[in-house]
Amino acid sequence: MSRTAPRSRGPQALGACGAFATLAGRAAALDALDRALRQTLAPPLRDEVRFANLRGGRLLFLASTPAWATRLRLLQTQILATARSLDIRAESLAVKVSPLPRIELEPERTRTLSPAAASHLRAAAAAAGDPEWQELFGKLAALAKPITPAR
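About the thresholds
- Residues numbered from 1 in each chain as written.
- Predicted model: local features only at pLDDT ≥ 70, side-chain atom pairs only at ≥ 80, totals over all residues.
- Heavy atoms only, no water.
- Pairing = 2+ DSSP bridges.
- Helix = DSSP H or I, 4+ residues; strand = E, 2+ residues; numbered from the N terminus.
- Phe/Tyr/Trp six-rings, centres within 6.5 Å; stacked < 30°, edge-to-face > 60°.
- Buried < 20%, exposed > 50% of the residue type's maximum accessible area, 1.4 Å probe, protein only.
- Contact = heavy atoms within 4.5 Å.
- Arc of directions from axis to C-beta.
- Core = buried A, V, L, I, M, F, W, Y, C linked by side-chain atoms within 4.5 Å.
- Salt bridge = Lys/Arg side-chain N within 4 Å of Asp/Glu carboxyl O.

*Asks:* Before we move on, can you summarise the pairing of strand 2 (residues 58-63) with the specific residues and values?
*Replies:* The pairing of strand 1 (residues 49-55) with strand 2 spans six bridges and is antiparallel. For Phe51, the partnering residue across the bridge sits in strand 2 and is Phe61. Of the pairings in the sheet, the one linking strand 2 to strand 3 (residues 92-97) comprises six bridges and is parallel in character. Counted as the bridge partner of Leu59 is Leu93 from strand 3.

Quick look at the structure:
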């Protein structure tokens with residue numbers, strides 16, 4: 001009787017997990033399904049749940065709190081109908097409570113335009129023969145940081 005080594009549940013080498021392209025394709029498909037299923041939900045709920053997996057006809061969602069999980073379970077019929085309309089064979093829905101990773105957006109970096117740059121833009125506007133370019137350079141120059149007199 002030959003005995004095989006038990007399968008490890010821990011981290012595995014990428015090569016042991018199958019082709020990377022297959023994994024990336026599965027991740028992209030799950031992400032697309034997440035967007036398609038959540039777009040039918042009302043905005044407060046949509047932001048507090050994530051679609052996690054489809055296995056054995058069961059849609060698995062993650063919810064940030066038990067309250068959001070309950071609200072999602074109440075919409076099971078609607079979610080399953082949406083999945084079926086996307087040709088997904090799903091018979092049930094499961095929800096696990098887990099803190100959702102927050103996607104922090106970088107604050108928009110605002111750059112100020114120096115008075116010297118504004119002066120160059122005004123000169124370019126004056127030199128431009130095209131009225132549209134003159135207007136555009138003028139608008140850009142108007143964005144310059146105003147010179148504040150020293151006290």
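Still to come is the rest of the account.
*Asks:* Quick rundown of the packing of aromatic side chains? Include the residues and the values.
*Replies:* Under the counting rule described, the total for this entry stands at two aromatic pairs. Their ring planes at 70° and their centres at 5.4 Å tell us that Phe51 and Phe61 sit as a pair that is edge-to-face. Remark: Phe61 occurs in strand 2 and Phe51 occurs in strand 1; sequence separation between them is ten residues. Accessibility assignment for this pair places Phe51 and Phe61 in one class, buried.

*Asks:* Go over the environment of Leu33 with me, naming the residues and quoting the values.
*Replies:* Looking at the element boundaries, Leu33 is found in helix 1 (residues 20-38). Overall, the relative accessible area of 10% leaves Leu33 in the buried class. The residues contacting Leu33, other than those within four sequence positions of it, are Phe51, Leu86 and Ile88.

*Asks:* Now, about helix 3 (residues 66-74): what can you tell me, with residues and values included?
*Replies:* Residues of helix 3 that are buried include every one of Trp68, Ala69 and Leu72, and no others. Considered in projection along helix 3, the buried side chains sweep an arc of 105° and stay on one side of the axis. Seen from the buried face of helix 3, the exposed residues on the opposite side, beyond 90 degrees, are Pro66, Ala67 and Leu74. Of the surrounding secondary structure, the elements contacted by the buried residues of helix 3 are helix 2 (43-46), strand 1, strand 2, helix 4 (76-85) and strand 3.

*Asks:* Help me get a handle on the environment of Thr70, residues and values and all.
*Replies:* You can see Thr70 is positioned in helix 3. By relative accessible area, Thr70 is classed as partly exposed at 41%. Expressed as a C-alpha distance, the spacing of Thr70 and Val97, which sit 27 residues apart in the sequence, is 9.9 Å.

*Asks:* Lay out unusual backbone geometry with the relevant residues and their values.
*Replies:* Trans is the common state for peptide bonds, and a negative phi is the common state for residues other than glycine. For Asp87, which is not glycine, the phi dihedral falls at a positive 60°. Looking at where Asp87 falls in the secondary structure, it is placed in the loop between helix 4 and strand 3.

*Asks:* Tell me about the nonpolar core, and name the residues and values.
*Replies:* If you look at the biggest cluster of nonpolar residues, it comprises 20 residues, and the most contacted ones within it are Leu37, Phe51, Leu59, Phe61, Leu72, Ile79 and Val95. Breaking this core down by element, the ones donating at least two residues are helix 1, strand 1, strand 2, helix 3, helix 4 and strand 3. Discounting chain neighbours no more than four positions away, the residues touching Phe61 are Leu37, Arg38, Arg50, Phe51, Ala52, Leu72, Ile79, Leu93, Ala94, Val95 and Lys96.

*Asks:* Describe the pattern of salt bridges, naming the residues involved and giving the relevant values.
*Replies:* Summed over all chains, the structure comprises three salt bridges. Two residues, Arg35 and Asp31, come together in a salt bridge whose shortest N-O distance is 3.0 Å. Linking Arg35 with Asp31, this pair stays in helix 1, spanning four residues, or about one helical turn. Judged by its relative accessible area of 48%, Arg35 falls in the partly exposed class. Put simply, Glu135 and Lys139 hold a salt bridge, and the shortest N to O gap is 3.2 Å. In this pair, Glu135 and Lys139 both sit in helix 6 (residues 131-142), four residues apart, roughly one turn of the helix. What makes Lys139 exposed here is its relative accessible area of 52%.

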